[in-house]
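Read off the chains here:
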Amino acid sequence: NAGVTQTPKFQVLKTGQSMTLQCAQDMNHNSMYWYRQDPGMGLRLIYYSASEGTTDKGEVPNGYNVSRLNKREFSLRLESAAPSQTSVYFCASSRGGSNEKLFFGSGTQLSVL
Amino acid sequence: QQQVKQSPQSLIVQKGGISIINCAYENTAFDYFPWYQQFPGKGPALLIAIRPDVSEKKEGRFTISFNKSAKQFSLHIMDSQPGDSATYFCAAPGGGSTLGRLYFGRGTQLTVWP
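Chains are numbered independently. Their residues run from 1 in the order of the written sequence. Following the order in which they are written, the chains are lettered starting with A and the ligands numbered starting with 1. The predicted origin of the model limits local features to residues at a pLDDT of at least 70 and limits the giving and counting of side-chain atom pairs to 80 or more, whereas totals for whole chains, interfaces and linings rest on all residues. The side-chain numbers reported here are obtained from all heavy atoms of the structure, hydrogens and water having been left aside.

(A) Looking closely at the packing of aromatic side chains. Centres within 6.5 Å make a pair out of two Phe, Tyr or Trp rings, where for Trp the six-membered ring is used; the pair is then stacked when the planes are under 30 degrees apart, edge-to-face when over 60, and tilted otherwise. Under the criterion given, the structure shown has 16 aromatic pairs over all chains. For the ring pair Tyr25 of chain B and Phe73 of chain B, a centre distance of 6.2 Å and an interplane angle of 55 degrees mean the geometry is tilted. Taken together, the residues span a long stretch of sequence, with Tyr25 of chain B in strand β3 (residues 19–25) and Phe73 of chain B in strand β8 (residues 72–77) at a distance of 48 residues. For the pair shown, Tyr25 of chain B and Phe73 of chain B are each scored as buried. Three or more aromatic residues link up through ring pairs in this structure, and these residues are Tyr33, Tyr35, Tyr48, Phe90 and Phe104 of chain A together with Tyr36, Phe89 and Phe104 of chain B. A helix here means a DSSP run of H or I that spans at least four residues, while a strand means a run of E at least two residues long, and both kinds are numbered starting from the N terminus. Burial classes follow relative accessibility: with a 1.4 Å probe on protein chains only, a residue under 20% of its type's maximum area counts as buried, one over 50% as exposed, and anything between as partly exposed.

Written out as structure tokens, the structure is:
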């Protein structure tokens, strides 16, 4: 009963490096989300995908790109990492839209030096 | 864009006391207001949610109270326990051009002393 699986759990990057955060869900959910969590700022939506083949910007999309590879997988890419992107990243999924229960992964702690 | 304002930022309560966290929203396309609970090192998990055809929903020691006219809702934790120590987030769905998004408050760090 895996739910939402994120990899990696921890990552350290140098400024300017690129990387992709992977997310997969096994609940046959239609919607998937990427959030970042910073102290005192709560959870802020980066991108979301309402269904396979669609993606939309959230509150803080600058510096990120996403791919909804198939119904199960939703990846987040940092093309040129910046120290301001140091954060904890959470992937989530829901059966329908934002008015249904979100299931979160365990997070990726990213540090950009 | 949806704004969700949550208070207080931190809360310290003695065991057995009542914890109250408040949220206010601006607008939403859906009447759906969830609260998420997060323990250190874990992802948030849905605690309780209300679809306000009623003004209150209770699940065990947790109660959501909803005031549609004031655009406010709150979480009450009765008989607070040390195991309730966590960060709590309220949330509200966006509307209009932000349909499909779920906006979170900034969180309340609850500490329950034994």
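(B) Up close: the pairing of strand β6 (residues 56–59) of chain B. Residue and element names in this part refer to chain B. DSSP calls a pair of strands paired once it identifies at least 2 bridges connecting them. The sheet contact formed by β6 and strand β7 (residues 62–67) spans four bridges and is antiparallel. Each bridged residue has a counterpart across the sheet, and for Lys58 the counterpart in β7 is Thr63. Linking β6 to β7, which pair antiparallel, is a turn of two residues; within it Gly60 sits at a positive phi near 65 degrees.

(C) Representation of the interface of chain B and chain A. Each partner contributes residues to the interface: chain B has 21 residues there, and chain A has 21 residues. A quick way to say it: buried area is the sum, across both parts, of accessible area lost when two parts are put together, with a 1.4 Å probe. Counting each side, the surface lost to burial between chain B and chain A is near 1800 Å², with a carbon and sulfur contribution of 54%. In terms of surface lost to chain A, no three residues of chain B exceed Arg101, Phe104 and Arg106 of chain B, which account for 28% of the buried area on that side. Salt bridges are identified by distance alone: a Lys or Arg side-chain nitrogen within 4 Å of an Asp or Glu carboxyl oxygen. Here chain B and chain A share zero salt bridges between them. Polar contact criterion, stated in full: a pair of N or O atoms within 3.5 Å, where within protein one must be able to donate a hydrogen and the other to accept it, and residues adjacent in sequence count only if both atoms are side-chain atoms. Between chain B and chain A we count four residue pairs in polar contact (both at pLDDT 80 or more) in total. Mapped by element, the contributors of at least two residues to the side of chain B that touches chain A are β4 (33–38), β9 (86–93) and β10 (102–104) of chain B. When residues of the side of chain B that touches chain A are assigned to their parent elements, the largest contribution, three residues, is made by β10 of chain B. Note on residue classes: Ala, Val, Leu, Ile, Met, Phe, Trp, Tyr, Cys and Pro are nonpolar, Asp, Glu, Lys and Arg are charged, and everything else, Gly too, is polar. In the side of chain B that touches chain A, the residues fall into eleven nonpolar, six polar and four charged. Throughout, a residue-residue contact means that at least one pair of heavy atoms, one from each residue, lies within 4.5 Å.

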